[in-house]
Amino acid sequence: MEDPKKELHDIHFIHCALPDMALSEADTSYHVCGIDAKAPIAVLLNDKRSAAQKSSEMPGIIFVVESEGSSIAFKDGNEVSESSRNAFRTVKVGDGVGAAKALRAFENAIPCINETDAGRIDTYIKQLKIAMFLTNSRSIDDLKNAPIYKTNGI
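What you see is a predicted model; the values in this text were computed from it and never measured.

### Overview of the overall build of the protein
In step 1: Regarding its fold elements, the protein presents 5 helices and 10 strands.
In step 2: Each principal axis of the C-alpha atoms in the protein carries an extent, and together these give about 45 × 35 × 25 Å.
In step 3: Put simply, the protein has 154 residues, and 44% of those count as buried.
In step 4: Long-range pairs, those at least 24 residues apart, make up 57% of the contacts in the protein with a sequence separation of at least 6.
In step 5: Counting every atom, the protein has about 8,200 Å² of accessible surface; 46% of that belongs to carbon and sulfur.
In step 6: Looking at the protein, you have 18 positive and 22 negative side-chain charges, and the mean spots of the two groups are 2 Å apart.

This is the structure in structure tokens:
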């Protein structure tokens, strides 16, 4: 498979010129592999202890630790899911639009940002909501079916 970031770069949403929803109607709540979160953007960390601690400090946000071919998700200070056998797929993204593309491109995706960007997660969630608004997607499930086109590097 190609590099996910490269693949995401080639995906473009077809925007709805007149969305019949308000930006505030974009529901970013996300449910994947037994994980419920207020938004489908996770923070990627290096160790379990740090993930458990930070997830208790930032309620509702998913924190993920990748280790030896699997990923472990934490929320609200607790381990909530382990991705063995690809139950969920972590995809590194740089912003909320990248998160929207990852959700559209990959089944059971959890878009992840770097630990250094954790303080900006609200900005990334706002960017995700804007992508949802512009594609007339009221929910993450709607976003997963939003029309796209691929350029393949053109």
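Picking up after the structure, the text goes on.
### Structural notes on the environment of Lys38
In step 1: Along the chain, the position of Lys38 falls in the loop between strand E3 (35-37) and strand E4 (42-45).
In step 2: You can call Lys38 partly exposed: its relative accessible area is 44%.
In step 3: Along the sequence, Lys38 and Thr28 sit 10 residues apart, while their C-alpha atoms lie 6.2 Å from each other.
In step 4: Not counting the four nearest positions on each side in its chain, Lys38 is found in contact with Thr28, Ser29, Gly60, Ile61, Asp122 and Ile125.

### Remarks on the packing of helix H3 (residues 96-105) against helix H4 (residues 121-134)
For any two helices packed against each other, one specifies the crossing angle of their axes together with the interaxial distance.
In step 1: The geometry of H3 relative to H4 is characterised by a closest axis approach of 7 Å and an angle of 55° between their N-to-C directions. Here H3 is positioned oblique relative to H4, judged by the angle of their axes. In the packing of H3 onto H4, the handedness of the crossing is right-handed. Each of Gly96, Val97, Ala100 and Leu103 in H3 lies in contact with H4, whose residues at this interface are Tyr124, Gln127, Leu128 and Ala131.
In step 2: Considered class by class, the residues forming the contact of H3 with H4 number 6 nonpolar, 2 polar and no charged.

### Re helix H2 (residues 48-57)
In step 1: Taken residue by residue, H2 has Ser50, Ala51 and Ser55 as its buried positions. Projection of H2 onto a plane perpendicular to its axis shows the buried side chains occupying an angular sector of 125°, all on one side.
In step 2: With a side-chain oxygen positioned 3.3 Å from the backbone nitrogen of Arg49, the residue opening H2 is Asp47.

### Some details on the state of the cysteines
In step 1: Overall, the coordinates contain 0 disulfides when judged by the stated rule.
In step 2: Unpaired in terms of disulfides, Cys33 finds its nearest cysteine sulfur in Cys112, a separation of 13 Å.
In step 3: We classify Cys112 as buried; its relative accessible area is 2%.

### Concerning unusual backbone geometry
In step 1: Although it is not a glycine, Cys33 sits at a positive phi angle of roughly 50°.
In step 2: Here Cys33 shows up in the loop between strand E2 (30-32) and E3.
In step 3: Phi at Asp76 is positive, roughly 55°, even though this residue is not glycine.

### Quick notes on the nonpolar core
In step 1: By size, the foremost hydrophobic cluster in this structure holds 46 residues, and its most contacted members are Ile41, Val43, Val64, Ile110, Leu128 and Leu143.
In step 2: Per-element tally for this core: the top contributor is H4, with 6 residues.
In step 3: Not counting the four nearest positions on each side in its chain, Ile41 is found in contact with Ile61, Ile62, Ala99, Pro111, Ile113, Ile121, Tyr124, Ile125 and Leu128.

### Describing the environment of Asp122
In step 1: Mapped onto the elements of the fold, Asp122 is located in helix H4.
In step 2: Given the relative accessible area of 54%, Asp122 is considered exposed.

Scoring rules and cut-offs
Residues numbered from 1 in each chain as written. Predicted model: local features only at pLDDT ≥ 70, side-chain atom pairs only at ≥ 80, totals over all residues. Heavy atoms only, no water. Helix = DSSP H or I, 4+ residues; strand = E, 2+ residues; numbered from the N terminus. Buried < 20%, exposed > 50% of the residue type's maximum accessible area, 1.4 Å probe, protein only. Contact = heavy atoms within 4.5 Å. Areas by Shrake-Rupley, 256 points an atom, 1.4 Å probe, with all protein chains shown as cover. Lys, Arg positive; Asp, Glu negative; His and termini not counted. Charge placed at Lys NZ, Arg CZ, Asp CG, Glu CD. Axes fitted to C-alpha atoms, helices over the stretch in contact; angles between N-to-C directions. Parallel < 35°, antiparallel > 145°, perpendicular 65-115°, else oblique. Left-handed = near helix turned anticlockwise from the far one by under 90°. Nonpolar A, V, L, I, M, F, W, Y, C, P; charged D, E, K, R; others polar. Arc of directions from axis to C-beta. Polar contact = N/O pair within 3.5 Å; in protein donor to acceptor, adjacent residues only side chain to side chain. Disulfide = S-S within 2.5 Å. Core = buried A, V, L, I, M, F, W, Y, C linked by side-chain atoms within 4.5 Å.

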